[in-house]
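Breakdown of the fold
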Amino acid sequence: MLTFALTIVRHGETQYNRDKLLQGQGIDTPLSETGHKQAAAAGRYLKDLHFTNVFVSNLQRAVQTAEIILGNNLHSSATEMILDPLLRERGFGVAEGRPKEHLKNMANAAGQACRDYTPPGGETLEQVKTRFKKFLKSLYQCMLEEHRSSDQCSASSSGPSEPEQPVIAGLASDGVHNVPVHALIVSHGAFIRVSVRHLVEDLQCCLPAGLKMNQVFSPCPNTGISRFIITLRREESDPRASRIQCVFINRKDHLDDVKNSD
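Residues numbered from 1 in each chain as written. Predicted model: local features only at pLDDT ≥ 70, side-chain atom pairs only at ≥ 80, totals over all residues. Heavy atoms only, no water.

This next bit is on the overall build of the protein chain. When helices and strands are tallied, the protein chain shows 8 helices and 6 strands. Put simply, the protein chain runs from its N terminus to its C terminus through helices and strands in the order β-α-α-β-α-β-α-α-β-α-α-β-β-α. For 262 residues, the compact-globule estimate of 2.2 N^0.38 gives 18 Å, and the C-alpha radius of gyration of the protein chain, at 18 Å, lies within 12% of that figure. Seen through its principal axes, the protein chain has C-alpha atoms that stretch 60 × 40 × 35 Å. Across the 262 residues that make up the protein chain, the buried fraction comes to 52%. A sequence separation of at least 24 residues applies to 80% of the contacts in the protein chain between residues at least 6 apart. On the protein chain, roughly 12200 Å² of surface is accessible, and the fraction owed to carbon and sulfur atoms is 49%. The centroid of the 30 positive side-chain charges in the protein chain is displaced by 4 Å from the centroid of its 29 negative side-chain charges. (Helix = DSSP H or I, 4+ residues; strand = E, 2+ residues; numbered from the N terminus. Rg over C-alpha atoms; globule rule 2.2 N^0.38 Å. Buried < 20%, exposed > 50% of the residue type's maximum accessible area, 1.4 Å probe, protein only. Contact = heavy atoms within 4.5 Å. Areas by Shrake-Rupley, 256 points an atom, 1.4 Å probe, with all protein chains shown as cover. Lys, Arg positive; Asp, Glu negative; His and termini not counted. Charge placed at Lys NZ, Arg CZ, Asp CG, Glu CD.)

Shown next as C-alpha cells:
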C-alpha cells in the first residue's frame with residue numbers, strides 16, 4: 001500500500017482569461033502580468049513543501065506557472081517537470097478564441113446547459129474525463145514504481161491499515177504531514193473541474209466536514225489549489241485507489257496580496 005499527496009493547481013491568469021475569451025487547446029497564450037504575480041504567490045504559499053513528482057500540461061500558461069512555483073520552492077527546484085498532454089485544457093473546437101458569452105449563446109440555441117454543451121470540434125465532458133482517467137492510471141503506476149521504498153506494506157493477517165484522517169488547519173501543509181510522497185499537477189480550469197467531479201462522484205472521494213457540494217464543483221480560480229490524499233493498493237492487473245481523501249478544494253488564500261497590489 002502506498003499513500004501519497006496530490007496537489008492540483010490551475011495556471012495563472014492570461015490576457016484571454018482577463019478578457020473572458022475561451023482558450024482551450026488551440027489558443028496557447030502566456031501568462032499576463034497578473035498571472036505571473038499569481039503564480040509567484042502560489043509558489044511562496046507552497047514553498048516549504050517537497051514535491052517528489054511534478055506533472056504539467058504542455059500548454060505554455062501551465063508550464064510558466066509550474067516553473068514559477070518550482071522556482072519559489074525551497075525543496076523542489078530540481079524536481080523534474082513532466083509535460084503531459086493528457087493534462088491539457090478541454091478542447092472547445094470552433095468556440096476557441098471567442099468570448100465565453102458566445103459559447104453560452106451556442107448552448108442556448110442548441111437547447112442545452114452551457115456546461116454540458118459541446119461546440120463543433122470540441123471535446124465532450126466524457127472525453128475529458130477519459131483523458132483524466134488515463135492520466136490517473138499512469139500516475140498510479142508511476143508512484144508505485146518510483147516510490148517502492150515508501151510502500152507501506154503490512155505483513156499482518158488483517159492487511160495494511162488505512163491512513164489517518166488528515167489534519168486541516170488552513171495551512172499550506174494541510175494533509176501532508178508524514179506523507180513523504182507528494183505529486184504536483186498544474187493544469188486548467190475546465191479540466192480540473194471535470195477531474196474533481198470524477199474523484200468525488202465516481203471514485204467516492206471522502207470530503208472534509210462542512211464542505212458543501214456547490215463549493216466542490218465551483219470553478220477553480222487562476223492558481224486555485226486543491227489537495228487529495230490517495231492510498232493505492234497493488235492489484236494483479238493495475239494499481240487501484242482504495243481510498244481518496246479530499247483535504248481542500250480551490251483554496252485561494254495566497255491571492256489576497258495579489259488582489260491588494262492590483
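There's plenty left to go through after this.
In this section: the pattern of salt bridges. Summed over the entire model, instances satisfying the criterion amount to 10 salt bridges. Of the charged contacts, one joins Arg-18 and Glu-13 as a salt bridge, the two residues approaching to 3.2 Å between their closest N and O atoms. Overall, the relative accessible area of 46% leaves Arg-18 in the partly exposed class. The closest approach of N and O atoms between Arg-197 and Glu-201, which form a salt bridge, is 2.9 Å. Of this pair, Arg-197 and Glu-201 both sit in helix H6 (residues 189-202), 4 residues apart, which is roughly one turn of the helix. Take Glu-201: its relative accessible area is 44%, and that puts it in the partly exposed class. One salt-bridge network, in which partners are shared between bridges, spans Glu-126, Lys-129 and Asp-202. (Salt bridge = Lys/Arg side-chain N within 4 Å of Asp/Glu carboxyl O.)

Looking now at the packing of aromatic side chains. Between two aromatic rings, the relevant description is the distance of the centres plus the angle of the planes. Using the criterion set out here, one finds 2 aromatic pairs in the structure. Residues Phe-55 and Phe-135 carry aromatic rings whose centres are separated by 5.7 Å and whose planes lie at 80° to one another, so their mutual orientation is edge-to-face. Note that Phe-55 is positioned in strand S2 (residues 53-56) and Phe-135 in helix H5 (residues 125-146), a separation of 80 residues in sequence. We classify Phe-135 as buried; its relative accessible area is 1%. Taken together, a centroid distance of 5.9 Å and an interplanar angle of 80° make the contact between Phe-132 and Phe-191 edge-to-face. Pair noted here: Phe-132 is in helix H5 and Phe-191 is in helix H6, with a separation of 59 residues, a long-range link. (Phe/Tyr/Trp six-rings, centres within 6.5 Å; stacked < 30°, edge-to-face > 60°.)

Before going further, it helps to examine H5. Taking 1.5 Å per residue as the helical rise, H5 with its 22 residues ought to reach 32 Å, and the 31 Å between its terminal C-alpha atoms agrees with that figure. Among all positions of H5, only Val-128, Lys-129, Arg-131, Phe-132, Phe-135, Leu-136, Leu-139, Tyr-140, Cys-142, Met-143 and Leu-144 are buried. Packing partners of the buried residues in H5 comprise strand S1 (2-10), S2, strand S4 (182-187), H6, strand S5 (225-233) and strand S6 (240-251). (Expected span 1.5 Å × (residues − 1).)

With 36 residues, the main nonpolar core has Phe-4, Phe-55, Leu-139, Met-143, Phe-228 and Ile-230 as its most contacted residues. Secondary-structure elements contributing two or more residues to this core are S1, H5, S4, H6, S5 and S6. If near-sequence neighbours (up to four positions away) are discounted, Met-143 is found in contact with Leu-2, Phe-4, Asn-53, Phe-55, Val-181, Ala-183 and Leu-232. Judged by nonpolar contacts, the second largest core, of 23 residues, contains Ala-5, Ala-66, Val-179 and Val-247. (Core = buried A, V, L, I, M, F, W, Y, C linked by side-chain atoms within 4.5 Å.)

Next up on the list: the pairing of S5. Most of S5 is tucked away, with 8 of its 9 residues classed as buried. Of the strand pairs in this sheet, S5 and S6 are connected by 8 bridges, and their pairing is antiparallel. Counted as the bridge partner of Thr-231 is Arg-243 from S6. (Pairing = 2+ DSSP bridges.)

This part is about the sheet that holds S2. Spatial ordering of the open sheet is given by S3-S2-S4-S1-S5-S6, a layout of 6 strands whose pairing is mixed. Strand pairing shows two members of the sheet lacking a second neighbour, strand S3 (81-83) and S6, which therefore form its edges. On average, each strand axis in the sheet is inclined to that of its neighbour by 20°, with strand direction left out of account. The pairing of S1 with S5 spans 8 bridges and is antiparallel. What sits directly across from Val-9, in S5, is Ile-225. Strand contacts of H5: S1, S2, S4, S5 and S6, with the helix running at about 160° to S2, the strand carrying the most contacts. (Axes fitted to C-alpha atoms, helices over the stretch in contact; angles between N-to-C directions.)

Direction vectors running N to C along H5 and H6 enclose 75°, while the axes themselves pass 9 Å from each other. The pairing of H5 with H6 is recorded here as roughly perpendicular in orientation. Residues Leu-125, Val-128, Lys-129, Arg-131, Phe-132, Lys-133 and Leu-136 of H5 pack against Phe-191, Val-194, Ser-195, His-198, Leu-199 and Asp-202 of H6. Looking at the contact of H5 with H6 residue by residue, the classes come out as 7 nonpolar, 2 polar and 4 charged. (Parallel < 35°, antiparallel > 145°, perpendicular 65-115°, else oblique. Nonpolar A, V, L, I, M, F, W, Y, C, P; charged D, E, K, R; others polar.)

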